[in-house]
Amino acid sequence: GQQVMQIPQYQHVQEGEDFTTYCNSSTTLSNIQWYKQRPGGHPVFLIQLVKSGEVKKQKRLTFQFGEAKKNSSLHITATQTTDVGTYFCAGMKTSYDKVIFGPGTSLSVIP
Amino acid sequence: DAGITQSPRHKVTETGTPVTLRCHQTENHRYMYWYRQDPGHGLRLIHYSYGVKDTDKGEVSDGYSVSRSKTEDFLLTLESATSSQTSVYFCAISDLGGHYGYTFGSGTRLTVV
């Protein structure tokens, strides 16, 4: 079945350093979504990418959807302690499929 | 998010007992989902609903049942709780089947002893 993988599983960075997490699907995706979950909290929707090669920015966060629509990345510039949490990507194979979540990347930021 | 609430927030139960978790939404969204979250597994779909009395299985549905008698309520029942069902359970809602993202509840931490 469809699988969505993420790397790395864990990342520890010094505050101010950049951070990137990568999401890869075994099949072409209709869209990709990104969520953030703070420790002890619930996942919160960040953004959705739909078009091949799409790039979207939210302040220090940059999201990309690959040309083949099988991979995506989230890049955070100059991390802050407020960025701590687990970042999940989630993809839909077709517009009518359910969302499949990746296992997440846990980000720790050292002050 | 204020539009979706889960109850209880925490529960400890004994092996073999039935347990029901409740998800209530005030957004009038058509789609509702139950996920479980375990370390190393991310979020796994248990069951989902696409309307009143319309439900379907997810990838880890064994040992679980659901009911949706009203748009706003989606119940998850563990028919006979086992220790492997110790987990954090999240309810989610969406208005277009996952397009434009899900809104998650705050979760229920269930411990089966």
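Residues numbered from 1 in each chain as written. Chains lettered and ligands numbered in written order. Predicted model: local features only at pLDDT ≥ 70, side-chain atom pairs only at ≥ 80, totals over all residues. Heavy atoms only, no water.

Brief notes about the interface of chain B and chain A
How big an interface is tends to be expressed through the accessible area that disappears when the partners come together.
Consideration 1: Taken together, the contacts link 17 residues of chain B with 18 residues of chain A.
Consideration 2: Buried surface at the junction of chain B and chain A, summed over both partners, amounts to about 1,500 Å²; 57% is from carbon and sulfur atoms.
Consideration 3: Among the residues of chain B in contact with chain A, Leu43(B), His99(B) and Tyr102(B) are the three that bury the most area, contributing 31% of the side total.
Consideration 4: For the pair chain B and chain A, the interface holds three residue pairs in polar contact (both at pLDDT 80 or more).
Consideration 5: Among the secondary structure elements, those contributing two or more residues to the side of chain B that touches chain A are strand 4 (31-38) and strand 5 (42-51) of chain B.
Consideration 6: Here the element with the most residues in the side of chain B that touches chain A is strand 5 of chain B; it accounts for four residues.
Consideration 7: Looking at the side of chain B that touches chain A residue by residue, the class counts come to eight nonpolar, eight polar and one charged. (Contact = heavy atoms within 4.5 Å. Buried area = accessible area lost by both parts, 1.4 Å probe. Polar contact = N/O pair within 3.5 Å; in protein donor to acceptor, adjacent residues only side chain to side chain. Helix = DSSP H or I, 4+ residues; strand = E, 2+ residues; numbered from the N terminus. Nonpolar A, V, L, I, M, F, W, Y, C, P; charged D, E, K, R; others polar.)

Some details on the sheet that holds strand 3 (residues 19-25) of chain A
All names here are of chain A.
Consideration 1: What the five strands build is an open sheet, ordered 1-3-8-7-6; its pairing is antiparallel. Two strands lie at the open edges of the sheet, namely strand 1 (4-7) and strand 6 (55-58), each paired on one side alone. Across the sheet, the mean angle separating the axes of adjacent strands is 15 degrees when strand polarity is ignored.
Consideration 2: Here strand 3 runs beside strand 8 (residues 71-76); their pairing, made up of six bridges, is antiparallel. Across the sheet, residue Tyr-22 finds its bridge partner in strand 8, namely Ser-73. (Pairing = 2+ DSSP bridges. Axes fitted to C-alpha atoms, helices over the stretch in contact; angles between N-to-C directions.)

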